[in-house]
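# Breakdown of the fold
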Amino acid sequence: MLVNRVKELRARFNLTQGELAKRIGVTRQTIVSLEKGSYIPSLLLAMNIAEVFGEPIESIFYKEGDDE
Amino acid sequence: MRLTFTVILRSLLFVSLAVMVYDSVRVEQKFELLGRGYIDGFSVNISNQAGIIFLVIFILFFILNVIQIVVMKRNKSKQAKVEDYLLPEYDTSDERAVDITGRAVRFSFGFILMYTFIILGSYMFIPTYFLDYVWYPMFSTASIPVFGLIVYLISFKILYAR
């Protein structure tokens, strides 16, 4: 299962779900699903998220049980 | 909300077309029966109301479609393709919406395949539909896309809320 640190990073960068959604060009509902782990983003979306947070993709999205 | 509105409008379009066709067929059929000597005479009320309702819904639907294409063309940041907007029921606001649209369409398609099978088979139980239930072919045919759209809408809403 793929897990992510989007919620944690969003809080660290002090961004609302709506602001993050606007910056990466998706709807707020997509961010909600991402944070709940019920939606696996495309590579392009994952890259856009990584770009916003300035971190490599693999440190934001990783398989459950893997070391970060 | 936009999706619900579009589905309601599209369903009304099918129903109003069925009503309009039924209105025309029932009169045509009376003339046919009269011509073949099955009846001596008949009285019928002819009204253009069904046709007007159909036209109004069709124009509303067309305007909605045009507005959506214009809005999509202005909003280039979402990277949607024009073909994604050919049917206004398709939500392409972002990649998750596209994914959900695809899944909802699959559910709807499966339902339509089964439902069409049942509708086609139902004619076996109404052998005199062309005499006693003239409305049946029109409304049963219209019910196929209408119920398909309802299944699509419900599937989309459930998947989107997850």
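On to the overall build of chain B. Regarding its fold elements, chain B presents five helices and zero strands. Scanning chain B from its N terminus toward the C terminus, one meets helices and strands in the order α-α-α-α-α. For chain B, contacts bridging at least 24 residues in sequence account for 72% of all contacts bridging at least 6.

When you go through chain A residue by residue, the secondary structure sums to five helices and two strands. From first element to last, N terminus to C terminus, chain A shows the α and β order β-α-α-α-α-α-β. Taken over C-alpha atoms, the radius of gyration comes to 11 Å for chain A, in line with the 11 Å a tight globule of 68 residues would show. Taking all 68 residues of chain A together, the buried fraction comes to 22%. Of all intrachain contacts in chain A linking residues separated by at least 6 positions in sequence, the fraction that spans at least 24 positions is 50%.

Glancing now at the packing of helix 2 (residues 17-24) of chain A against helix 4 (residues 43-53) of chain A. All names here are of chain A. Contact geometry for helix 2 and helix 4: axes closest at 10 Å, N-to-C directions at 115°. Judged by the twist between their axes, the crossing of helix 2 over helix 4 is right-handed. Note on element contacts: helix 4 touches helix 2 through L45, N48, I49 and V52, opposite L20, R23 and I24. Partitioned by chemical class, the residues of the contact of helix 2 with helix 4 number five nonpolar, one polar and one charged.

The biggest cluster of nonpolar side chains holds 10 residues, and these are A:V6, A:L20, A:I24, A:V26, A:I31, A:L34, A:Y39, A:A46, A:I49 and A:I60. Within the second largest apolar cluster, six residues are counted, among which are B:I100, B:A104, B:Y152 and B:L153.

With that settled, the discussion passes to the environment of A:E51. Residues and elements named next belong to chain A. For E51, the position within the fold is in helix 4. Given 12 C-beta atoms within a 10 Å radius, E51 is considered exposed. For the pair E51 and E64, spaced 13 residues apart in the sequence, the C-alpha separation amounts to 22 Å.

Before going further, it helps to spend a moment on unusual backbone geometry. Phi at A:N14 takes a positive value of approximately 55°, unusual for a residue other than glycine. Tracing the backbone shows A:N14 in the loop between helix 1 (6-12) and helix 2.

Glancing now at helix 5 (residues 135-161) of chain B. Residues and elements named next belong to chain B. Across its 27 residues, helix 5 extends 38 Å between first and last C-alpha, which sits within 8% of the 39 Å expected from 1.5 Å per residue. Along its length, helix 5 reaches its greatest deviation from straightness, about 25°, at S143, and the proline P145 lies no more than four positions downstream. Regarding helix 5, the residues found buried are M138, S140, A142, G148, Y152, L153 and F156. Where helix 5 is buried, its residues meet helix 1 (2-35) and helix 3 (95-122).

A word on the packing of helix 1 of chain B against helix 2 (residues 49-74) of chain B. All names here are of chain B. Their axes nearest at 9 Å, the elements helix 1 and helix 2 cross at an angle of 155°. Taken together, the axis directions place helix 1 and helix 2 in an arrangement best described as roughly antiparallel. Seen along the crossing, helix 1 lies across helix 2 with a hand that is left-handed. Across the interface between the two elements, T6, L9, R10, L12, L13, S16, L17, V19, M20 and D23 from helix 1 touch A50, G51, I53, F54, I57, F58, L60, F61 and L64 from helix 2. Of the residues belonging to the contact of helix 1 with helix 2, the class tally is 14 nonpolar, three polar and two charged.

What counts, and where the lines are drawn
- Residues numbered from 1 in each chain as written.
- Chains lettered and ligands numbered in written order.
- Predicted model: local features only at pLDDT ≥ 70, side-chain atom pairs only at ≥ 80, totals over all residues.
- Helix = DSSP H or I, 4+ residues; strand = E, 2+ residues; numbered from the N terminus.
- Contact = placed C-beta atoms within 7 Å.
- Rg over C-alpha atoms; globule rule 2.2 N^0.38 Å.
- Buried ≥ 20, exposed ≤ 12 C-beta atoms within 10 Å, placed from the backbone.
- Axes fitted to C-alpha atoms, helices over the stretch in contact; angles between N-to-C directions.
- Left-handed = near helix turned anticlockwise from the far one by under 90°.
- Nonpolar A, V, L, I, M, F, W, Y, C, P; charged D, E, K, R; others polar.
- Core = buried A, V, L, I, M, F, W, Y, C linked by C-beta atoms within 7 Å.
- Expected span 1.5 Å × (residues − 1).
- Bend = angle between axes of the 7 residues up to and from the residue.
- Parallel < 35°, antiparallel > 145°, perpendicular 65-115°, else oblique.

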